[in-house]
Amino acid sequence: MTTKTSKKPETKLGLDFTTDWAYAPAPEDTKHIKLEKQYDLFIDGKFVKPNSKKYFDTVNPATEQKIAEVADADEKDVDKAVKAARKAFAKWSKTSPKERGKYIYRIARLMQERAREFAVVETMDGGKSIRESRDIDVPLAANHFFYNAGWADKLEYAFPNRNPQPLGVAGQIIPWNFPLLMAAWKIAPALATGNTVVLKPAETTPLTALKLAEVLRDSGLPDGVVNIVTGAGRTGAAIVNHPDVNKVAFTGSTDVGKLIQKSIAGTDKKLTLELGGKAANIIFEDAPLDQAVEGIINGIFFNQGHVCCAGSRLFVQESVADIVIRKLKDRMESLIVGDPMDKNTDIGAINSKEQLLKIQEYIKIGKNEGAELYQSSCSIPGKGYFCRPTLFLNASQSHRIVQEEIFGPVLAVQTFRTIEEVIEKANNIPYGLSAGVWTDKGSKIFNLTTKMRAGVVWANTYNKFDPTSPFGGYKESGFGREGGLHGLLPYVKF
Amino acid sequence: MERLEVLKTYKIYIGGQFPRTESGRFYPLKNKKGDVIANICLSSRKDFRNAVVAARGAFGGWNSRAAFNRSQILYRIAEMLEGRKDQFIAELVTQGLNTKAAQEEVSLSVDRLVYYAGWCDKYQAILSSVNPVASSHFNFSVPEPTGVVAIIAPEESSLLGLVTAIAPVIAGGNTCIVLASESKPLCAVTFAEVLNTSDLPGGVVNILTGNSAELHSHFSSHMDVNALIYYRNNKAEIKTIKENASLNVKRIFVYDQLALASDKAQSPYMIYDLQEIKTTWHPIENIGSAKAGY
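Residues numbered from 1 in each chain as written. Chains lettered and ligands numbered in written order. Predicted model: local features only at pLDDT ≥ 70, side-chain atom pairs only at ≥ 80, totals over all residues. Heavy atoms only, no water.

**Focus on the overall build of chain A**
- Regarding its fold elements, chain A presents 15 helices and 20 strands.
- Taking 23 Å as the expected radius of gyration for a compact globule of 494 residues, we find that chain A reaches 23 Å, a close match to that expectation.
- Each principal axis of the C-alpha atoms in chain A carries an extent, and together these give about 70 × 50 × 35 Å.
- Looking at chain A residue by residue over its 494 residues, the buried ones come to 62%.
- The contacts in chain A between residues at least 6 apart in sequence include a share of 74% that link residues at least 24 apart.
- Total accessible area on chain A is roughly 18600 Å²; 52% of this is exposed by carbon and sulfur atoms.
- Here chain A carries 65 positive and 58 negative side-chain charges, and the mean point of each set is 4 Å from the other. (Helix = DSSP H or I, 4+ residues; strand = E, 2+ residues; numbered from the N terminus. Rg over C-alpha atoms; globule rule 2.2 N^0.38 Å. Buried < 20%, exposed > 50% of the residue type's maximum accessible area, 1.4 Å probe, protein only. Contact = heavy atoms within 4.5 Å. Areas by Shrake-Rupley, 256 points an atom, 1.4 Å probe, with all protein chains shown as cover. Lys, Arg positive; Asp, Glu negative; His and termini not counted. Charge placed at Lys NZ, Arg CZ, Asp CG, Glu CD.)

**Regarding the interface of chain A and chain B**
- Taken together, the contact pairs 44 residues of chain A with 42 residues of chain B.
- Counting the surface lost from both chain A and chain B, the interface buries some 3200 Å², and carbon and sulfur atoms represent 55% of this.
- For the pair chain A and chain B, the number of links is two salt bridges.
- Here Glu276(B) and Arg481(A) are joined by a salt bridge, their closest N and O atoms 3.9 Å apart.
- The interface formed by chain A and chain B contains 25 residue pairs in polar contact (both at pLDDT 80 or more).
- Those elements that place two or more of their residues in the side of chain A that touches chain B are α9 (254-263), α15 (442-451), β18 (456-459) and β19 (478-479) of chain A.
- For the side of chain A that touches chain B, the element with the highest residue contribution is α15(A), accounting for five residues.
- Residue classes in the side of chain A that touches chain B are distributed as 20 nonpolar, 13 polar and 11 charged. (Buried area = accessible area lost by both parts, 1.4 Å probe. Salt bridge = Lys/Arg side-chain N within 4 Å of Asp/Glu carboxyl O. Polar contact = N/O pair within 3.5 Å; in protein donor to acceptor, adjacent residues only side chain to side chain. Nonpolar A, V, L, I, M, F, W, Y, C, P; charged D, E, K, R; others polar.)

**Some remarks on empty space enclosed by the protein**
Residues and elements named next belong to chain A.
- Under the criterion given, the structure shown has six cavities of 30 Å³ or more.
- There is about 110 Å³ of room inside the largest cavity.
- Around the largest cavity sit 18 residues that line it, and Arg313, Ala426, Tyr431, Gly432 and Ser434 are the ones nearest its centre.
- For the lining of the largest cavity, the secondary structure elements donating two or more residues are α14 (419-427) and β17 (434-438).
- Taken together, the residues of the lining of the largest cavity sort by class into 10 nonpolar, four polar and four charged. (1 Å grid on protein atoms, 1.4 Å probe; cavity = no way out; pocket = protein on both sides within 12 Å on 5 of 7 lines; lining within 4 Å. Points joined across faces, edges and corners; volume = space filled by probe spheres on them.)

**So, helix α1 (residues 75-92) of chain A**
Residues and elements named next belong to chain A.
- With 18 residues, α1 should reach 26 Å at 1.5 Å per residue; the first-to-last C-alpha distance of 25 Å fits that figure.
- If you check which residues of α1 are buried, you get Asp77, Val78, Ala81, Val82, Ala84, Ala85, Ala88, Phe89 and Trp92. Projection of α1 onto a plane perpendicular to its axis shows the buried side chains occupying an angular sector of 160 degrees, all on one side. The outward face of α1, more than 90 degrees from its buried face, is lined by the exposed residues Lys76, Lys83, Lys87 and Ala90.
- A distance of 3.0 Å separates the backbone nitrogen of Lys76 from a side-chain oxygen at the start of α1, and that oxygen is part of Asp74. (Expected span 1.5 Å × (residues − 1). Arc of directions from axis to C-beta.)

So this is what it looks like as structure tokens:
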């Protein structure tokens, strides 16, 4: 690649995009993938037809083509799944912790063996780039099982002076942005602590969870320990409101999280919520700017911006704002948007038509609010749901594009002068999931990371995840942690 | 002529001040014989809102105090309470306890404060972790206080219940607004005087007297309250509190089965309830092939 001075005024001193930058297509092979035409519910160790006999389509958002149809679980199906989980709990919770751990290790290994299949199906069903599903989602999902497996027979070390006991049946509802990874985050600690599970994947991305059901079955995990029911909001509500569920774990929007918190108010169900975010990504003038720009890009465009901890609010110190924004625009120009199955693709398809419409609505709102729109000039495929990488300059604290979670590749940019100012602005929001800080000065990093009211703070990096690292929010971003030592607590009682 | 006793006016405690309730309302507190002992403030929603403003204002300062300093202040509260033992015992007796039970309650309360004074600079080590992530990053998790905490204290206990409810919350760097026992409110007001002479910054603990049936919905629906702890067992109130909590995703903890006099009523896990775990990542630069292998 060569770089030349551009003639375009807005990328002055930047990169020249008028030359031929095209990459040769590098499509991931999909022929080895075996998919059924129709998927049933995984209850008590078997795939069973739904009571309603109804199925809904799951669509590839990059092609708008139907991939398969999936069972729509109603209250009766959920009741069957909860009963299976309750029956299995009696034995599973008494299974020796060492053996319990070995089942979970086995699940991790089976996932690793089928990793490429999982990655391809994840990309087909959800639209994320194959590079991300192959290198991040799937390996991390397997690692979560591997990590938690080892806790099963060591729980007394996790809670000093206590004797942790499982809660019972855990009802788990997960979102569409990291379908397999979220299933792993939820199922692995629940099993390690001796609970049984009824899990509902999101209605737009059910396939990898159903593939996971095959793995669970093949692993020899006793029937009913994990049950996977597919469906939309009604199915989720049936899980949340089922009287024999002891624990509800939800990842998704703050609005739905609040509804769930309210609807179980009259019960003793334990709850963890991992909800929305609107993270501040803060760039100081003494930051390594090129690395910071990579961090901004990764912060907001990773997974099409469908990330609860996305760095969707950029704060740049005024003295370096011009150069950072110029570099950012240049970098946005070089992002490859398109076929998620292509190994060169940076930004894949928006998960659903509904979500694309929501993002487009926010882009309209941002323009109407008076922020200055900038989009990459890339072409996007004619078919499928795609959105150009987008940023809004001169956004202000009161703008809806600054206050509300967009969940797409849209970045709101603000500038600041002093540390006090940026701390105030970064925290002045109902969310508190994550934050990013970029500076070369160690004491400044610790000053900022201490003062951010957020559960995960990345300093000179962004959007990193690991099974050993607790994840979760402050304030309206939810409560409870997932991952690490702290991720066990929501699944035990003393 | 026999000396006329000077009676005490029982007021509430907000932001380090002792105002009367802004509502001007009161309820009479009677002893077993039915004589009025005192007129107690019947706190209002507005009092609560004022107290939240005070608690929010105090949070940043209290939270950033050195843990060691918080520890010394909690210990100081214990010292002050010990020094005024007789007054508390007398109040407990006035409110219906026998002398022995009253002495025990005060001693337990002092000891509980000392217990949590000790935890102030130790729970962090117990609840933190360094996480061995697979990538080249230094990654650690530490507890930080949740923020402003509303507390509806036990009804059956005048002093020990109050101390049990407050101590883990402020030991962990939170600030709070406490609704004292309605039927046994005297010690709460006197305990506020102890707090006020213990170097505890104003606004860290705010104490209201009044009626839970009236106030629980306001305690739980306020948008600038981060958590609520409920020490009573009124099922309808618990439901309302949990429902209202969803307005701003409040953390709710219900301790309706706590045996206050038992050691089980105190633990670092009660501090943990009001902590958020923050995880911080930073890259580790791996330069060349140098290893620290010698």
